[in-house]
Every structure is written in C-alpha cells, then in structure tokens.
Amino acid sequence: MNTAKTQRIWFRIVAFVTAAFSIFSAVLMTEPGQSLDLPREWIVTYYQYRWWFIGLNLAMMGYLWHLHCRYKMWTKFWMTMATSGVLVCIIAANFLLAAFFPSYQHTANYVSVIEADVIINDEDIVYAVEINGDVRGFPRKHLEIPHIAGDNIGGKEVTMTFCALSNLPVVIEQDLGQGESDIGILIQTNNNLVMVDRQSGDLIQQVTMTSEFGKTSPVEHPNTMMTWADFKEFYPHGTVFIYGFDRALDDFLLTLFEQPMKNQFSEEHGPIFPTLDMKDERVGFKEQVWGYRGDKKEIAFTLDFVKSQPTYEFEFEGQPMVLVYDEQRSITNLFSRTIDSQTVSVDSLGTIDIHGNTALGRLEQIPMLNGIFWMVWSHWFPHTEVMN
C-alpha cells in the first residue's frame, strides 16, 4: 500500500471517529437519546466527565486539522464545515437545553391575582405554595418552558421545579446543603426531569429528589394542585408566577411540543419517550396519582380512592397522617396528625378543610407528588403500595 493511500485512509478514519463521537455526544445529551432509550447511566457519566469529553472532542478535531495541513486532505471549506459541525455538537450536548429552557430560580416574575386573572383561564391548573401565610401560585402552563422558578416565600428561599413529562411539581429549598445553589435543567431521563446545581456540580433526579453524586440534600415543601378559579378564591392576595413568552424561541418550542404533550396526556398514546417500564397495570398508565415517598417505602393514591374516602386516616412508616379530598373543588392534600407532639385521631379533629384547619388547630401539610402520571411513578417506584 503506497504512502498517499495510507494517509488518506488514516485521515478518513480520524474524520469518521471525530464525527461519530461528536454526533453521539449530542444525541446522548438531548431528547433524541431518550427516544432511542439510551441508558441513563451513560448520561450521568458523560455529564460527570463532560470537560474531559469536550477536550477529547476538540483534540480530535485539532488532530484532523493537523492531518489536513500536513497531507493536504480536503479543502479549507470542508474542514471549516467539519469544525462547525463538531462545535454545534459540543454546544448541543452541553449547553443547548439550558439555553432553550432558562432557569428563573433568582429572576422569576410575579404579579398580583388581579393582573394574572387576565392571563390565566379559570380551568388552568395552578400549584399553590403557602409558607408561613405567604402564598405563591405557579400556573402549569407558565412552568413548562422555564421548569424552575424561585422566590422568598414566608421567609424561605424556595424553588418550584416542574417536569411536564411527569406532570410533576416539587418545591425545594434553594440551599441544597452546600449553601447557595444555581439550579438549572440538564435533560430528562425516564420521562422525568434531571436538574443540575451548577454551584456544586451535582445532579438531582426530580421525582426521587436524590443526589447523583451525594453533594446535595434537598428539603421539600408542599404544594397544592388546584384550578385558577379556586386559587383566586382562596388566595386573593397571593402573587402569581408569570412567564413572559417573549422570546421568538418560545413560540417555536410551544409549537414543537404541543402535539407531543397532548399525546403524553392521551390514553391512546404511550409516553413520548419509550423509556418507562410499563409493566405495573394496577392503575391506568396515564392516570394521575398522588404519591408520598417515605424513607424506605412509597404509597400512591388514585382519584377514585380519595373520592371514596375523602378523609382517610392512616399511618405510614410510623407517621400518623390524614389524606383530605375536597370533592367540590377536586383538591387533594396530605397532613400530619401530630399536634403539639401528640397524635390525634380524625374523630377528635372534627371537620378538616383542604387547608388543614380543624377544631384543634391547623394541621401541618406534608409534601406529596401531586398528579404525577402512574406510568412515571410506578417506573421510579416499582414496589410502591397503591390505594385504588
């Protein structure tokens, strides 16, 4: 084999490996990788060593330029195109989703109920967060693009996190155990949001609220899922998170995800991304459930169950609780049955309203995963108890 032919073969091998590595990285760390059901562990590993992978990718492209200059392979035009392609893949793998879905942990916009009422429809879903008498409302539609919106509520610096694929809101304190955080989104795996704390470098799986690298310990606060009509009746003096939808990119994203999100809620379609176990048929896959994560076990409640027992007294992992359902408004909340360190029965509490008010005082609300799809809950918690 002559030298020129060997040089051409080697150049093509390097070009192919560089292109393949670049494209694979971009696919892995964006939604197409989930469409292909690429393992979650690969995503975590890539993120953990992302700067090494970025350096390796650039080094391979640099070596290709070296071969080009030495052996006069390709033209400068094609080398420039190849370089642009590698850079686009690096950006897609590492920075694209953060640009598409910006975090509003520290810069969220809130307006009065009166101002929000001209923007939000009565039937729209809103997640209410009440801390020490201070209330914020987070409309689901306004969380779908940013996913993250923070504020000081009742003296607590907290952040609402939202995953549209799971239909899941979770409220956490901004101090994740490492001081001030900078929470953004990384990607979704198994139809649930993976968040990144850019301060500590840790990853947090939203549905489990577990730290990937053991650097963070999120503290959760409860939220209540209700309609806008109910929110403005309950909390006329509350304030409401409003996303501006003022980027041209927002219109593109809304159009892009409109039909897939309809399919995600439709009984006639499977999940958008085929990454769920889908074996647990105790509940319809698209049915929304209310789930509680204990220290070692989990329990989920269907809407049929809470309708049949609107005041359900029980203990879970030794903790006395009561699940309360407001039939008129279709609101479900979970409360502790401990008052002044004493366990009390439902009979002694009398009527319990959806805010936890009773004849003996107000009960402490316990965080639940409100309205999460069964297919997502049962995938992440395959041994869950279910009340249906």
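Because the structure is a prediction, the values reported are computed rather than measured.

Concerning a nonpolar patch on the surface
Together, Ile9, Trp10, Ile13, Phe16, Val17 and Tyr63 give the surface a local cluster of nonpolar side chains, amounting to about 570 Å² of exposed area. Examining the composition of the nonpolar patch, we find that five residues originate from one element, helix 1 (residues 3-28), more than from any other. Looking at where Phe16 falls in the secondary structure, it is placed in helix 1. You can call Phe16 exposed: its relative accessible area is 60%.

Remarks on the UniProt feature "transmembrane region" (unreviewed entry) in the chain
Under the local residue numbering, the UniProt record ascribes the feature "transmembrane region" (unreviewed entry) to residues 9-29, 49-65 and 77-101. For residues 9-29, the end-to-end C-alpha separation is 30 Å, with 95% helix and 0% strand making up the annotated structure. The span residues 77-101 is 92% helix and 0% strand, and its two end C-alpha atoms sit 33 Å from each other.

A short note on the sheet that holds strand 18 (residues 331-336)
Pairing within the open sheet is antiparallel, and its three strands lie in the order 16-17-18. If you trace the sheet from one side to the other, it starts and ends with strand 16 (311-316) and strand 18, each paired once. Each strand of the sheet is rotated relative to its neighbour by a mean of 25°, with strand direction disregarded.

Thoughts on the nonpolar core
Among the nonpolar cores identified, the biggest contains 91 residues, and Phe138 and Phe301 are the most heavily contacted of them. It is helix 13 (residues 374-380) that provides the largest number of residues to this core, a total of five residues. In contact with Phe301, other than residues within four places in its own chain, are Val289, Trp290, Val306, Tyr312, Phe314, Leu323, Met368 and Met387. Membership of the second largest hydrophobic core comes to 24 residues, among which are Val126, Val135, Phe231 and Leu349.

A few points about unusual backbone geometry
Even without being glycine, Glu317 reaches a positive phi, approximately 50°. You can see Glu317 is positioned in the loop between strand 16 and strand 17 (319-326). The exposure class assigned to Glu317 is partly exposed, which follows from its relative accessible area of 35%. Phi at Ser341 is positive, roughly 70°, even though this residue is not glycine. As for its placement among the helices and strands, Ser341 is situated in the loop between strand 19 (338-339) and strand 20 (342-343). Accessibility expressed as a relative area gives 69% for Ser341, which makes it exposed.

Scoring rules and cut-offs
- Residues numbered from 1 in each chain as written.
- Predicted model: local features only at pLDDT ≥ 70, side-chain atom pairs only at ≥ 80, totals over all residues.
- Heavy atoms only, no water.
- Patch = residues over 30% accessible without salt bridge, like charges linked within 9 Å, V, L, I, M, F, W, Y side chains within 5 Å.
- Areas by Shrake-Rupley, 256 points an atom, 1.4 Å probe, with all protein chains shown as cover.
- Salt bridge = Lys/Arg side-chain N within 4 Å of Asp/Glu carboxyl O.
- Helix = DSSP H or I, 4+ residues; strand = E, 2+ residues; numbered from the N terminus.
- Buried < 20%, exposed > 50% of the residue type's maximum accessible area, 1.4 Å probe, protein only.
- UniProt positions renumbered as here; feature names shortened; annotations may be inferred.
- Pairing = 2+ DSSP bridges.
- Axes fitted to C-alpha atoms, helices over the stretch in contact; angles between N-to-C directions.
- Core = buried A, V, L, I, M, F, W, Y, C linked by side-chain atoms within 4.5 Å.
- Contact = heavy atoms within 4.5 Å.

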